[in-house]
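Observations on the model geometry
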Amino acid sequence: MTSTSVAAEMESVSELSVAQLPAKIHVIDSHTEGEPTRVVIDGWPQPQGATMAERSDDLRTRFDHLRRAVVCEPRGHDAIVGALLTPPVNPDSTTGVIFFNNGTYLGMCGHGAIGVVRTLQYLGRIQPGTIRLDTPVGTVSAELGHDGSVTIANVPSFCHARNVSVQVPGVGQVVGDIAWGGNWFFITHDTPIAVTAANAKELTRVTQAIQDALNAAGITGANGEAIDHIEISAAPIRPDADCKNFVLCSGGEYDRSPCGTGTSAKLAVLYARGEIALDARWRQESITGSLFTGWLTTNERGELIPHVRGTAYVTAEATLLFDEADPFRGGIPSA
């Protein structure tokens, strides 16, 4: 984004924020294996729609200024994933949830769902046991353990294409697999640099270049859907892990956790390649050294259901304030 376009967007955001932002929004912050989630508890007008997909579209159309104000600077930062709680759309679900980040909206978010569950526990709304969450891409179940761990049974996941090649300027030929895990992923083992925290900035540059090359080449998921997450898989450092990853998220920031939807997509690829059996435990290490445990089952239709287990911790309970005189009341869009 150029400085001129940033300035123009800031002027537009400023006009929207004065007229449409509430004075206060109540949030609960947490992190799941290092990746932050900000759950909106109240103060945000509820989006309209009979389905969670319709509500997500309404959020994008009418309330995008609130997304920016809640997760972007100066009240947030690029790594935060927001989660708006809504009434459920299914009678046996506990809540609906729409996930969003600094740049866009997410179909599902594994680490975010774990953060939502721990937030609901913190608020006294649930006890250990199994609940259901309605998301824009389907209903997922979540089991809160007595030890604080949360296991997500994700939406059906699958490998869409294997050994897809793309020429990446400044990097060269990169080969990867395309898979759905609640979001679309391009998963590759090709990387010119080591997958370590010290290389996070360079890994971000490389994965963004892969993202740009996929877009330029017209390479997509099923039905032309955009691939908006890039995952590099590498050998683990932890002795209890099977793999280590680096994931570029749709907003252009990297995931500090092992990425729940990314782990789901990776499990689907492993199964398609005959490298993992149903119910076999598989452990994914993140760029920060945290860990998700995953495994696959099937539903009554024979679809793959990834299960992802991790732990979240509540870090703050806050009221975000929106002073009408604040020139950055509507947030600072990511450049």
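Whatever comes next refers back to the structure up there.
This text gives an overview of the structure that appears in the document. Here the structure is a predicted model, which is why all the values come from computation and not from measurement.

Criteria and thresholds
Residues numbered from 1 in each chain as written. Predicted model: local features only at pLDDT ≥ 70, side-chain atom pairs only at ≥ 80, totals over all residues. Heavy atoms only, no water. Buried < 20%, exposed > 50% of the residue type's maximum accessible area, 1.4 Å probe, protein only. Helix = DSSP H or I, 4+ residues; strand = E, 2+ residues; numbered from the N terminus. Pairing = 2+ DSSP bridges. Expected span 1.5 Å × (residues − 1).

A closer look at the pairing of strand 1 (residues 24-32)
Burial analysis of strand 1 places seven of its nine residues in the buried class, which makes it a mostly covered element. Where strand 1 meets strand 16 (residues 304-321), nine bridges bridge the pair, whose relative direction is antiparallel. Pairing of Val27 across the sheet is with Ala318, part of strand 16. The sheet contact formed by strand 1 and strand 2 (residues 35-42) spans seven bridges and is antiparallel. Its bridge partner being in strand 2, His26 is matched across the sheet by Asp42. Joining the antiparallel neighbours strand 1 and strand 2 is a turn of two residues, in which Glu33 adopts a positive phi near 50 degrees.

Here we look at the pairing of strand 7 (residues 138-144)
Relative to strand 7, strand 6 (residues 129-135) runs antiparallel, the two sharing seven bridges. Each residue of the ladder has a partner; that of Thr135, found in strand 7, is Gly138. Hairpin remark: strand 6 followed by strand 7, antiparallel, with two residues in the connecting loop. When strand 7 meets strand 8 (residues 149-153), the two strands line up antiparallel, connected through four bridges. Within strand 8, the position partnered with Ala142 by the bridge is Ile152.

Structural notes on helix 4 (residues 110-122)
Owing to its 3.6 residues per turn, the α-helix aligns residues three or four sequence positions apart on the same side. An ideal rise of 1.5 Å per residue puts 18 Å on 13 residues; helix 4 measures up with 19 Å between its terminal C-alpha atoms. Taken across its 13 residues, helix 4 has eleven buried, putting it largely inside the fold. Inspection of helix 4 places Gly110, His111, Gly112, Ala113, Ile114, Gly115, Val116, Val117, Arg118, Thr119 and Leu120 among the buried residues, and these make up the whole buried set. Directly beyond the C-terminal end of helix 4, a positive phi value near 80 degrees is found at Gly124.

No statement about biological role is implied by the geometric values presented.
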